[in-house]
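As a plain string of letters, each chain reads:
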Amino acid sequence: MFWSCAGEKSQAPRASPKVCPPAYDSGCIMRIRAQALQRNFRRSPLLVFGFLAAAVLLAYKTSAYVLAGDTTSLIFVAMAAVGGAVAVAILNSWRNGLYMFLAWLLFEDLVRKYVGNNMAVYFAKDILVAVVYVSYFAALRRKETQSFRPPFLVPLLLLFWLGVLQAFNPASTSLIFGGLGLKLYFYYVPLMFVGYSLLDSEAELRRFFRVNLGLAVIIGGLGIIQAIAGHTFLNPEHPAEDIRELSTLYREAPISHVLAYRPTSVFVSAGRFQDYLIVMWLLTFGFGGYLLLRSRKGRLLTALVVAMLAAAIVLTTSRGVFLWTIGSALVGAAAFLWGAPWRQGQALRVIRALQRTVLMVGLAVITLMVAYPEALNSRLAVYSETLSPYSPANELAYRVRDYPLKNFLYAFDYPNWPYGYGIGTASLGGQYVSRILHVKSPVVGVENGFGTLIVEMGILGLLFWIVMSTAIVLSGWKVVRKLKGSPWFPIGFVIFWYAFLLLIPLTYNGMQPYQDFVLNAYLWLLLGVLFRLPSIAVSTQFAAAVAASQPRRRWIF
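None of the values given here were measured: they were computed from a predicted structure.

1. What about the overall build of the protein?
Stage number 1. A count of helices and strands for the protein gives 22 helices and four strands.
Stage number 2. Expressed as a percentage of its 557 residues, the buried residues of the protein come to 49%.
Stage number 3. For the protein, the accessible surface area stands at approximately 27,300 Å², while carbon and sulfur atoms represent 66% of it.

Following this line, the structure appears as structure tokens:
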């Protein structure tokens, strides 16, 4: 028994050769490479002997550390073994490798906490992403995937080559600062091309967001527990001196004098956890809007993630994150209404979904109020006493306007402000360069991102940054306008909004958010996703049209 299309003669299907489909089937490609690797093992006894020798050496070292009770060294041996296996897996499939990199990127700080802030752990993510780059560009060269030319490539290259020149600035005290600056500013830029190639279908788009939402649930949930339990949870008993203060920060309300702990979750600092919540809040918000217009599956779970993230944001004791997420939610709600498919009569669904989101956030706050009133009230006291315009201890105008402006003007107090002191000299991580290599930075720096650009790369660096940021935002907005009225509009808008926030207002307040490797990696990865969305929308619509035009199939006996 077999079927045929109506009006066609039925005939038995012919056997087809076992080859990979013309689409980019990464699973099939991985299986072929695994078979090739097995053949190489059979043909090369020397390779087998090398692997066995490495295994014996690893077992010998492990047994020695076990007998000596050296837990730290055991952790490093385990990391080396896992890292080698992960590197092989990444070379076999750069798609799976990207998810492995993201998982390590988010949990790397947790390992650093328990191995004394060892800097060898700090560079593990850079090695992993380098392997991802190698695997991806090899696949690109074999024409197994697609790439694109970003519309802001020229401004980006202008800033990059200026950074290269500034690495050799005579005012810099070491080339190490130049290498540090180039890494912080540009090392994750290739993730933009990886992100573009990753989403070759709508199924891959959903997989990407589900993986990130799953990671957000784990990290946000641990942050909530830590905010309630205190700094003794998820922190070593004796943390390294460099990160001790970062993991034990408390904020005091200026009037009531109640103390509220600033949780770090799996990260080494409260600031990194708070920054991570901003990007996850936006991604969850946008993915929920996409599911509303596209699929019923996963809506409830996404709404629960929104509620959990809202509870984590309230408990961070961070006024900046609290205000940025509220403002982003309001802007996103207005944008979703503007970009809703009004002609299809689905705008009412968007309004109802926004109402459900507000309800879920309210339920999260009420749950905290009932279950842990002390933890919630201490945070609300900090927010109300420092942000309310009716509070005598209000700091809103000072922190938003006066303090950043004052630090921006401090940059012009440095004699070399017209041409800077060199990229990396005032960047995040410079304290480790000074401590390990005994090289002192020529500047102290300023707590303003635009001021930092002037100190490091001169007035031309600030100009190129503004040009590049404007080009990214404008080109991203063009993509968002193309997606208006489609289910992919909410995702496109939140990525556009995240790029705008990070590159302009957040960077103006301080360079730390952009130089935070978590936010930086997500910025360039999500930009690739943004520019891929129109082709996904077109291909999905084309597939639906082709399916609708196919003749109806019937069974022939």
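So much for the structure itself; the text now carries on.
2. Some points on a nonpolar patch on the surface
Stage number 1. A contiguous nonpolar patch, built from Leu359, Leu363, Ile366, Met369 and Val370 and spanning about 500 Å² of accessible area, is present on the exposed surface.
Stage number 2. Mapped onto the elements, Ile366 comes out in helix α15 (residues 347–371).
Stage number 3. Take Ile366: its relative accessible area is 48%, and that puts it in the partly exposed class.

3. Thoughts on helix α14 (residues 319–339)
Stage number 1. Its 21 residues give α14 an end-to-end C-alpha distance of 30 Å, which sits within 8% of 30 Å, the value for a rise of 1.5 Å per residue.
Stage number 2. Listed as buried for α14 are Arg319, Val321, Thr325, Ser328, Ala329, Gly332, Ala333, Ala335, Phe336 and Gly339.

4. Observations regarding the nonpolar core
Stage number 1. Core analysis: the biggest nonpolar cluster contains 147 residues, and Phe101, Tyr188, Leu191, Phe208, Tyr276, Tyr522 and Trp524 have the highest contact counts within it.
Stage number 2. The residues touching Phe208, leaving out its near neighbours within four places in the chain, are Tyr99, Leu102, Leu198, Leu199, Leu525, Leu526 and Val529.
Stage number 3. Residues Phe177, Leu180, Leu184 and Val439 belong to the second largest nonpolar core, which totals five residues.

5. Quick notes on the packing of aromatic side chains
Stage number 1. Following the criterion strictly, the structure yields 39 aromatic pairs and no others.
Stage number 2. Ring geometry for Phe148 versus Phe531: centroids 5.8 Å apart, planes at 25°, classification stacked. Of this pair, Phe148 sits in the loop between α6 (124–141) and α7 (153–166) while Phe531 is found in helix α22 (residues 517–549), placing the two residues 383 residues apart along the sequence. Grouping residues by exposure puts Phe148 and Phe531 together as buried.
Stage number 3. With 6.1 Å between their ring centres and 40° between their planes, Tyr185 and Tyr514 make a pair best called tilted. Taken together, the positions of Tyr185 in helix α8 (residues 175–186) and Tyr514 in helix α21 (residues 512–515) put the pair 329 residues apart, joining distant regions of the chain. Here Tyr185 and Tyr514 have matching classes, each one buried.
Stage number 4. Among the aromatic residues, those joined into a cluster by ring pairs are Trp338, Trp477, Phe489, Phe493, Phe496, Trp497 and Phe500.
Stage number 5. When the ring centre of Phe517 is taken as reference, the NZ or CZ atom of Lys125 above it lies at 4.2 Å.

6. Considering the packing of helix α10 (residues 202–229) against helix α13 (residues 299–314)
Stage number 1. Closest axis-to-axis distance for the α10/α13 pair is 9 Å, and the angle between their directions is 35°. Crossing geometry of α10 relative to α13 is assigned as left-handed. Facing α10, whose interface residues are Leu213, Ala216, Val217, Gly220, Gly221 and Ile224, α13 presents Thr302, Val305, Met308, Leu309, Ala311 and Ala312.
Stage number 2. Per-class residue counts for the contact of α10 with α13 are nine nonpolar, three polar and no charged.

Parameters at a glance
Residues numbered from 1 in each chain as written. Predicted model: local features only at pLDDT ≥ 70, side-chain atom pairs only at ≥ 80, totals over all residues. Heavy atoms only, no water. Helix = DSSP H or I, 4+ residues; strand = E, 2+ residues; numbered from the N terminus. Buried < 20%, exposed > 50% of the residue type's maximum accessible area, 1.4 Å probe, protein only. Areas by Shrake-Rupley, 256 points an atom, 1.4 Å probe, with all protein chains shown as cover. Patch = residues over 30% accessible without salt bridge, like charges linked within 9 Å, V, L, I, M, F, W, Y side chains within 5 Å. Salt bridge = Lys/Arg side-chain N within 4 Å of Asp/Glu carboxyl O. Expected span 1.5 Å × (residues − 1). Core = buried A, V, L, I, M, F, W, Y, C linked by side-chain atoms within 4.5 Å. Contact = heavy atoms within 4.5 Å. Phe/Tyr/Trp six-rings, centres within 6.5 Å; stacked < 30°, edge-to-face > 60°. Lys NZ or Arg CZ within 6 Å of the ring centre and 35° of its normal. Axes fitted to C-alpha atoms, helices over the stretch in contact; angles between N-to-C directions. Left-handed = near helix turned anticlockwise from the far one by under 90°. Nonpolar A, V, L, I, M, F, W, Y, C, P; charged D, E, K, R; others polar.

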